[in-house]
Amino acid sequence: MAMITTVQQHILQQQQELLKSTGREASGTFSWLLSGITLATKMIEAKIRSAGLSDVLGAVGVENVQGEQQQKLDVYANQAMLHCLGLRDSVAALVSEEDEEPVTFNRDAETGKYILVFDPLDGSSNIDVNVNVGTIFSVLRRMPAELGTLEESILQPGFRQVAAGYVVYGPSTVLVYTTGNGVHGFTLDPKIGAFVLSNERMQMPEQGIYYSVNEANAAGWPEGYRSYVTMLREGGLGKTYSSRYIGSLVADFHRTLLKGGVFLYPPTEKQSKGKLRLLYEANPLAFIAEQGGGVATNGAERILEIRPTGIHQRTPFCVGGRREMEALQSALTGVLTA
Ligand SMILES: O=P(O)(O)OC[C@H]1O[C@](O)(COP(=O)(O)O)[C@@H](O)[C@@H]1O
Ligand SMILES: [Mg+2]
Ligand SMILES: [Mg+2]
């Protein structure tokens, strides 16, 4: 019988490796915490698989804190995450794209030592048309009380993340995560209902063949982005690039991690800060990209060094292989070199 490694086993192994170097035992708290995410995402996966047969398609008729029409599946996914993670007593706060304020728990700093930040359902505009959507999460450690309040702990910069990951609900359901020790992918095996290791130590290719951006916004981009995309299209980086844009960040990112290339959501005249959110979209994917050998910026600085000022703040988001991101930096600083 082929031996399998589930995501829980893998996390525990990673923890044991990590702690062995400090002579301490893995408490299991962390893998128990992440099992809350795998349980919630399996519930969401089950809803999506038969979406057309149950009442989860369409909008609920109210706007969320982002000013977007909330989809029924946004609400279901949010409830699943809040329910499964709220039960974990190591959780001090839950921060969701769908909730204006964090959900906090009256747990002392010893017990409630983690903060979960998440986008329960990413790619909402694609739900009703059966295109890949996902869930994105980021884990921060609560700061000791003498160093900061719970609110300050939530607004820590991205390089303070202790874990990050996403699940793509597509032809198969794939979970990708990092705890700062490489990027690892797991596929949900429907026969046993477990996420099984399928891609260990994933690496983003140094250079790819795809660029991914919503070109409908091109007229509103700063000039550097337009000339950069033109340069890629015209073979300026020694290869002819093709365009791929799904409109679900988690799916466009997953392709970029596997195949390389570049994903961009630049600022526009309408949205000078771009559209995507720093805490639960850009930060977790930037952590994974860097752990996979890629690069992630807001066009000027490293995403993981941005100091958050608000839980729903937006940021321009550029992520991709080393070659594409070096060329982007040149283009945005006005030195477009092939
Ligand atoms: O339609 P646009 O402007 O290209 O925006 C697409 C982007 O918006 C998003 O759908 C925003 O995320 P949510 O669906 O979680 O709100 C991203 O997944 C995607 O990359
Ligand atoms: Mg999203
Ligand atoms: Mg969302």
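Residues numbered from 1 in each chain as written. Chains lettered and ligands numbered in written order. Predicted model: local features only at pLDDT ≥ 70, side-chain atom pairs only at ≥ 80, totals over all residues. Heavy atoms only, no water.

- Per an unreviewed UniProt entry, the chain carries the name Fructose-1,6-bisphosphatase class 1 and comes from Edaphobacter modestus.
- Looking at the Catalytic activity (unreviewed entry) heading of the UniProt record, one finds this comment for the chain: "beta-D-fructose 1,6-bisphosphate + H2O = beta-D-fructose 6-phosphate + phosphate". (UniProt positions renumbered as here; feature names shortened; annotations may be inferred.)

1. Concerning the nonpolar core
Piece 1. Ranked by size, the top nonpolar core spans 40 residues in total, and within it Tyr 166, Leu 257, Ile 288 and Phe 317 carry the most contacts.
Piece 2. When residues of this core are assigned to their parent elements, the largest contribution, nine residues, is made by helix α7 (residues 278–291).
Piece 3. Non-local contacts of Ile 288, meaning those with residues more than four positions away in its chain, are made with Ala 164, Gly 165, Tyr 166, Val 176, Thr 178, Val 183, Phe 253 and Leu 257.
Piece 4. Grouped together as the second largest cluster of nonpolar side chains are 35 residues, Ala 51, Leu 73, Tyr 169 and Tyr 177 included. (Core = buried A, V, L, I, M, F, W, Y, C linked by side-chain atoms within 4.5 Å. Buried < 20%, exposed > 50% of the residue type's maximum accessible area, 1.4 Å probe, protein only. Helix = DSSP H or I, 4+ residues; strand = E, 2+ residues; numbered from the N terminus. Contact = heavy atoms within 4.5 Å.)

2. A short note on the UniProt feature "domain: Fructose-1-6-bisphosphatase class 1 C-terminal" (unreviewed entry) in the chain
Piece 1. The sites that carry the UniProt feature "domain: Fructose-1-6-bisphosphatase class 1 C-terminal" (unreviewed entry) are, in the present numbering, residues 204–331.
Piece 2. End C-alpha atoms of residues 204–331 are separated by 22 Å, and the span's content is 36% helix alongside 12% strand.

3. With respect to the coordination of the magnesium ion (ligand 3)
Piece 1. Within the first shell, the magnesium ion (ligand 3) binds the protein through Glu 97 (OE), Asp 119 (OD) and Leu 121 (O), at distances of 2.0 to 2.2 Å.
Piece 2. Sequence spacing of the donors to the magnesium ion (ligand 3): E-x21-D-x1-L.
Piece 3. The metal-metal distance between the magnesium ion (ligand 3) and the magnesium ion (ligand 2) is 3.7 Å, with Asp 119 serving as a donor to both. (Donors = N, O, S within 2.8 Å, 3.2 Å for Na, K, Ca; no water.)

4. Examining the packing of aromatic side chains
Piece 1. Counted by the stated rule, this structure contains five aromatic pairs.
Piece 2. For the ring pair Tyr 245 and Phe 263, a centre distance of 6.4 Å and an interplane angle of 10° mean the geometry is stacked. Here Tyr 245, found in the loop between β12 (242–243) and α6 (249–259), pairs with Phe 263, found in strand β13 (residues 262–265); they are 18 residues apart in sequence, far enough to count as distant.
Piece 3. Note on Tyr 245: relative accessible area 32%, which makes it partly exposed.
Piece 4. One aromatic cluster in this structure is built from Tyr 245, Phe 263 and Phe 317. (Phe/Tyr/Trp six-rings, centres within 6.5 Å; stacked < 30°, edge-to-face > 60°.)

5. Considerations on the pairing of strand β3 (residues 91–96)
Piece 1. Of all six residues in β3, six are buried; the element is thus mostly enclosed.
Piece 2. By the bridge criterion, five bridges tie β3 to strand β5 (residues 114–122) in an arrangement that is parallel. Counterpart to Ser 96 in the pairing with β5 is Phe 118.
Piece 3. Bridging between β3 and strand β4 (residues 103–104) involves two bridges; their strand directions are antiparallel. Looking at β4, one finds that Ala 93 is bridged to Thr 104. (Pairing = 2+ DSSP bridges.)

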